[in-house]
Amino acid sequence: MEKEKKTGRYIRVYEQLEGLLTKTPDIIARMATVCALLHAKIDYFFWCGFYRIIDGQLTVGPYQGPLACQILTKDKGVCWAAVNQNKTLIVPDVHKFPGHIACDSRSNSEIVLPLRNRDGQIIAVFDVDSTEFNAFDEIDAFYLEKIVLLIQND
Ligand code: SME
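Here we summarise the structure given alongside this text. Everything quoted here is computed from the prediction, not taken from an experiment.

Some words on the nonpolar core
- One finds Tyr10, Leu38, Phe45, Phe126 and Leu144 to be the most contacted residues of the largest nonpolar core, which totals 31 residues.
- No other element matches helix α4 (residues 138-151), which puts eight residues into this core.
- If near-sequence neighbours (up to four positions away) are discounted, Tyr10 is found in contact with Leu38, Ile42, Tyr44, Phe45, Ile139, Asp140, Tyr143, Leu144 and Ile147.
- Counting residues in hydrophobic clusters, the runner-up holds 19 residues, among them Ala68, Val78, Val91 and Ile122.

Listed below in structure tokens is the structure:
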């Protein structure tokens, strides 16, 4: 998608979420709302969702798209790499990422962002997959980081 079009789309989605995420502080309700809106509005989002760290395991949370893995093997794949490196990861070609976990063989690129609590500890990741190669760039990282911050607002 062209950069200007992508930026415009994200600005509108962000503004909509600012309004929607005031109804309840419940984190699951907010995660579900974020996934549903992004999946509906951004056409290259094939799958998007959250994996929460529960008892040390990345465990699937709210998502939209095809059926996903429920538990991600520790320290393997892109989601665990984002946790272990404590940063957003953009993967232009998942087939070249060592240890990538393919929940659906149609995914070709991916972005994963850590979600932190108020103490700065990572409590979950937000993962987006696309069937396109190289679908995600710094614009996606910038706006998705802003969006996941809305989840822990009061
Ligand atoms: N590809 C991810 C696993 C989650 S699915 O993409 C939904 C990974 O390598 O961690």
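Regarding the pattern of salt bridges
- The final tally for this structure, using the stated rule, is seven salt bridges.
- In this structure, Asp75 engages Lys74 in a salt bridge whose closest nitrogen and oxygen atoms are separated by 3.5 Å.
- Linking Lys96 and Asp93 is a salt bridge whose minimum nitrogen-to-oxygen distance equals 3.9 Å.
- You can call Lys96 exposed: its relative accessible area is 69%.
- Connected through shared salt-bridge partners, Lys3, Lys6, Asp137, Glu138 and Asp140 make up one network.

With respect to the state of the cysteines
- What the rule picks out here adds up to one disulfide.
- For Cys69, the disulfide goes to Cys103, at an S-S distance of 2.2 Å. Disulfide Cys69 to Cys103: torsion about the S-S bond roughly -125°, handedness left-handed. With a gap of 34 residues between them, Cys69 in the loop between β2 (57-64) and β3 (71-72) and Cys103 in the loop between β4 (89-91) and β5 (109-116) connect regions that are remote in the sequence.
- Owing to a relative accessible area of 31%, Cys103 belongs among the partly exposed residues under this scheme.
- Considering cysteine sulfurs only, Cys35 is the nearest to Cys48, which forms no disulfide, with 4.7 Å between them.
- The class of Cys48 is buried, set by a relative accessible area of 0%.
- Not engaged in a disulfide, the cysteine Cys79 finds its nearest cysteine sulfur in Cys103; these two sulfurs lie 7.8 Å apart.
- Judged by its relative accessible area of 4%, Cys79 is buried.

Quick notes on helix α2 (residues 27-41)
- Given a rise of 1.5 Å per residue, 15 residues ought to cover 21 Å, and the 21 Å separating the end C-alpha atoms of α2 matches this to within 8%.
- Along α2, the residues classified as buried are Arg30, Met31, Val34, Cys35, Leu37 and Leu38.
- In the core, the buried residues of α2 are packed alongside α1 (3-20), β1 (47-54), β2, β5, β6 (122-130) and α4.
- Two to three positions downstream of the cap, the backbone nitrogen of Ile28 sits 3.2 Å from a side-chain oxygen, assigning the N-cap of α2 to Asp26.

Describing the sheet that holds β5
- Taking strand neighbours across the sheet as the criterion, the six strands line up as β3-β2-β1-β6-β5-β4 in an open arrangement whose pairing is antiparallel. Every interior strand has two partners, whereas the edge strands, β3 and β4, have only one.
- As paired elements, β2 and β3 share two bridges and run antiparallel to each other. Bridge pairing in β3 links Leu58 to Leu72.
- Across the sheet, α2 touches β1, β2, β5 and β6, and the angle it forms with β1 is around 160°.
- Packing of α4 onto the sheet brings it into contact with β1, β4, β5 and β6, and relative to β5 it is tilted by some 35°.

The rules we used
Residues numbered from 1 in each chain as written. Predicted model: local features only at pLDDT ≥ 70, side-chain atom pairs only at ≥ 80, totals over all residues. Heavy atoms only, no water. Core = buried A, V, L, I, M, F, W, Y, C linked by side-chain atoms within 4.5 Å. Buried < 20%, exposed > 50% of the residue type's maximum accessible area, 1.4 Å probe, protein only. Helix = DSSP H or I, 4+ residues; strand = E, 2+ residues; numbered from the N terminus. Contact = heavy atoms within 4.5 Å. Salt bridge = Lys/Arg side-chain N within 4 Å of Asp/Glu carboxyl O. Disulfide = S-S within 2.5 Å. Expected span 1.5 Å × (residues − 1). Polar contact = N/O pair within 3.5 Å; in protein donor to acceptor, adjacent residues only side chain to side chain. Pairing = 2+ DSSP bridges. Axes fitted to C-alpha atoms, helices over the stretch in contact; angles between N-to-C directions.

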